[in-house]
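What follows is the residue order along each chain.
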Amino acid sequence: MSALLIDRQVALEVDGLPSQAELEAWVAVVLARHADEPRHELTIRFVDDAESRALNRDYRGRDRPTNVLSFPFENPPGVDLGLLGDLVVCHPVVVREAAEQDKSLRAHYAHMVVHGTLHLLGHDHLEETEAEAMEALEREILASLGIADPYAPSNHDSDTEDERADA
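Residues numbered from 1 in each chain as written. Predicted model: local features only at pLDDT ≥ 70, side-chain atom pairs only at ≥ 80, totals over all residues. Heavy atoms only, no water.

## Observations regarding the pairing of strand β1 (residues 5-10)
Item 1. As paired strands, β1 and strand β2 (residues 41-47) are joined by six bridges and run parallel to one another. Its bridge partner lying in β2, leucine 5 is registered against glutamate 41.
Item 2. Read from β1 through helix α1 (residues 20-32) to β2, the crossover connection turns out left-handed. (Pairing = 2+ DSSP bridges. Helix = DSSP H or I, 4+ residues; strand = E, 2+ residues; numbered from the N terminus. Right-handed = clockwise from strand over helix to strand, strands pointing away.)

Pasting the structure below:
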């Protein structure tokens, strides 16, 4: 496996963001399950509601902030770069969801990073069978990190708009 390189960007002044070491640990566990993936470089940017909302509106047509957005990188023809893509994580949304779902902020951040990284690797949850497979993989990865099943009924507020991470 090539060296993991994460560009950690912070676009807001808050406490409680994951450290570089945590991000590297979470992404490394995902990449370990994708041994044939040669790309190991990504950006993880932490943003506020306004930036998340603008990106979600402009790229997904949803005019609201969201927990995590994934932007996979596609190498131009003839160019071989190690870039997997970008994750944009909205701190206020993650904080709110963690409280609503009665889980630790660290556990919810781990889930968002794992979920988003899986999207960068081509996993999706548009169809029910895809969603089931992706969620099962998320559960396995998070369990290996000592984090409880994020999709267990006790981990969700039934009034939340969307139980799945957006990415």
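## Remarks on helix α2 (residues 49-60)
Item 1. Along its 12 residues, α2 runs 15 Å from first to last C-alpha, staying within 8% of the 16 Å computed at 1.5 Å per residue.
Item 2. As for α2, its buried residues are in contact with β2, β3 (68-72) and β4 (83-90).
Item 3. The backbone nitrogen of alanine 50 has a side-chain oxygen 3.3 Å away, supplied by the residue at the start of α2, namely aspartate 48.
Item 4. Phi turns positive one or two residues past the end of α2, at glycine 61, with a value near 70°. (Expected span 1.5 Å × (residues − 1). Contact = heavy atoms within 4.5 Å. Polar contact = N/O pair within 3.5 Å; in protein donor to acceptor, adjacent residues only side chain to side chain.)

## Some thoughts on the packing of helix α4 (residues 105-120) against helix α5 (residues 128-144)
Item 1. Orientation of α4 relative to α5, taken along the N-to-C sense of each, is 130°, at an axis distance of 10 Å. As summarised for this structure, α4 and α5 are arranged oblique, according to the angle between their axes. When you trace α4 past α5, the crossing you get is right-handed. Across the interface between the two elements, Ala110, His111, Val114, His115, Leu118 and His119 of α4 pack against Met134, Leu137, Glu138, Ile141 and Leu142 of α5.
Item 2. Its residues assigned to classes, the contact of α4 with α5 comprises seven nonpolar, three polar and one charged. (Axes fitted to C-alpha atoms, helices over the stretch in contact; angles between N-to-C directions. Parallel < 35°, antiparallel > 145°, perpendicular 65-115°, else oblique. Left-handed = near helix turned anticlockwise from the far one by under 90°. Nonpolar A, V, L, I, M, F, W, Y, C, P; charged D, E, K, R; others polar.)

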